Amino acid sequence: MEKILVIGASGQIGSELVMELRKIYGDGQVFATDIKPAPPDITESGPFQLLDVMDDKQLIHFIIRNKITQIYHLAAVLSGNAEKLPLQAWRINMDSLMNILEVARMVEDVHRVFWPSSIAVFGPTTPRMNTPQLTVMEPITVYGVSKLAGERWCDYYFNKFGVDVRSVRYPGLISYKTEAGGGTTDYAVEIYYEAVRKGTYECFLTEDTALPMLFMHDAIKATINLMETDLSKLTIHNSYNLGGFSVTPKQVWQEIKKHIPEFSISYNPDFRQEIADSWPHSVDDTIAKLDWGFNYDYDLEKMTEIMLNEIRKKLN
Ligand code: SER
């Protein structure tokens, strides 16, 4: 019987992943934790506890006491926020991962770990179209540097200690339940909220900035698929490229306009433009497709319909 710990359960990914895992493994088997309070559906459907992943003693006690067998470690400082406090972000992103890898190495019951990487591991010297799995990686952000270092540590713990840690390089994630915080791809969430709230949006990236994106439904499906695949099928132990679809702010605006014709947009690029310009336009995820059957159900058109409907419901 699996007992699953989710760290970062109140965040953009965690708040949706916990509910999906509870459907599969049972409400009582999925332990949601975060340093901040979680949405009511999480606290009402199963165990939730405030837990700081930086506190290694509290972490290990929690894991042993609850006989945890799998960990999803989602807590991180995202790209935009990390540039404001680089050292603090480095410590949070790296120390938390090292705490988790050490626990997984030491505690016998813990037999599998998920930790997300990102397209931020790539940099301006990386080929930008259909970016390969294995390529030049010279990230220019603290967030990207921490994710790339983290990938190397995951690979190291797998090879040296046999820790079964799995990872994907998420593209920008678009969701309606919990808004992202402090990322560069966040415009693609904000734009939907502002379209419904105000009918106008000022974008912090230029109109033609192409980035790979994925709807949260597909990101959750991919994550669980990867975690449920037999270890023998996996050939990548640092992190799998995931593409989704590639879009620009202008294309998102045009798609929303089909539903809200009066929706207007203006562009006022800030420091995140440089970050976006250093990331891929599109990503080659052939290996994820071959190894564990990654595929996605939502493109820009299908996703836009759902985003607008759900945000309207939520804001009413
Ligand atoms: N979506 C993240 C960010 O923009 C990248 O992983 O920071």
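Scoring rules and cut-offs
Residues numbered from 1 in each chain as written. Predicted model: local features only at pLDDT ≥ 70, side-chain atom pairs only at ≥ 80, totals over all residues. Heavy atoms only, no water. Axes fitted to C-alpha atoms, helices over the stretch in contact; angles between N-to-C directions. Helix = DSSP H or I, 4+ residues; strand = E, 2+ residues; numbered from the N terminus. Parallel < 35°, antiparallel > 145°, perpendicular 65-115°, else oblique. Left-handed = near helix turned anticlockwise from the far one by under 90°. Contact = heavy atoms within 4.5 Å. Nonpolar A, V, L, I, M, F, W, Y, C, P; charged D, E, K, R; others polar. Buried < 20%, exposed > 50% of the residue type's maximum accessible area, 1.4 Å probe, protein only. Near = heavy atom within 4 Å. Polar contact = N/O pair within 3.5 Å; in protein donor to acceptor, adjacent residues only side chain to side chain. Areas by Shrake-Rupley, 256 points an atom, 1.4 Å probe, with all protein chains shown as cover. 1 Å grid on protein atoms, 1.4 Å probe; cavity = no way out; pocket = protein on both sides within 12 Å on 5 of 7 lines; lining within 4 Å. Sits in = over half its atoms within 2 Å of the grid points. Points joined across faces, edges and corners; volume = space filled by probe spheres on them. Pairing = 2+ DSSP bridges.

Let us look at the packing of helix H7 (residues 187-197) against helix H12 (residues 300-315). Remark: H7 packs on H12, axes separated minimally by 10 Å, with the N-to-C direction vectors making an angle of 55 degrees. Viewed along their axes, H7 and H12 adopt a mutual orientation that is oblique. The two elements H7 and H12 meet at a crossing, and its hand is right-handed. Of H12, the residues touching H7 (which contributes Tyr 192, Tyr 193, Val 196 and Arg 197) are Leu 300, Met 303, Thr 304, Met 307, Leu 308, Ile 311, Arg 312, Lys 314 and Leu 315. Among the residues forming the contact of H7 with H12, the class breakdown is 9 nonpolar, 1 polar and 3 charged.

Considering the arrangement of structural elements, one finds Thr 304 in helix H12. Residue Thr 304 is classed as buried on the basis of its relative accessible area of 0%. Excluding anything up to four places from it in sequence, Thr 304 contacts Tyr 192, Glu 255, Ile 256 and His 259.

On to the site of the ligand. Leu 78, Ser 79, Ser 118, Tyr 143, Gly 183, Thr 184, Thr 185 and Trp 279 make up every residue found near the ligand. A distance of 2.6 Å separates an oxygen atom of the ligand from a polar atom in the side chain of Ser 79. Burial of the ligand by the protein chains amounts to 93% of its free accessible area of 230 Å². The pocket occupied by the ligand, as judged from atoms lying within 2 Å of grid points, is the largest pocket.

Moving on to the layout of surface pockets. Roughly 890 Å³ of internal volume is contained in the largest pocket. Taken together, 41 residues line the largest pocket, and the ones lying closest to its centre are Leu 74, Ala 75, Ala 76, Val 77 and Leu 78. Residues that form the lining of the largest pocket fall into these classes: 20 nonpolar, 15 polar and 6 charged. Estimates place the volume of the second largest pocket at around 260 Å³. Surrounding the second largest pocket, 14 residues form its lining, Glu 16, Glu 20, Tyr 176, His 217 and Ile 220 being those nearest its centre. Contributing elements (two or more residues each) for the lining of the second largest pocket: helix H1 (14-25) and helix H8 (216-228). For the lining of the second largest pocket, the leading source of residues is H1, giving 4 residues.

What follows covers the sheet that holds strand E7 (residues 165-166). Consider a sheet: its strands pair through backbone hydrogen bonds, and that pairing is either parallel or antiparallel. Taking strand neighbours across the sheet as the criterion, the 6 strands line up as E3-E2-E1-E4-E5-E7 in an open arrangement whose pairing is parallel. Only two strands of the sheet have a single neighbouring strand rather than two, namely strand E3 (48-50) and E7. Taken together, the 2 bridges between strand E5 (residues 112-114) and E7 define a ladder with parallel strand orientation. Counterpart to Phe 114 in the pairing with E7 is Arg 166. Sheet strands touched by H8: strand E4 (70-73), E5 and E7. Its angle to E5, the strand with the most contacts, is close to 160 degrees.

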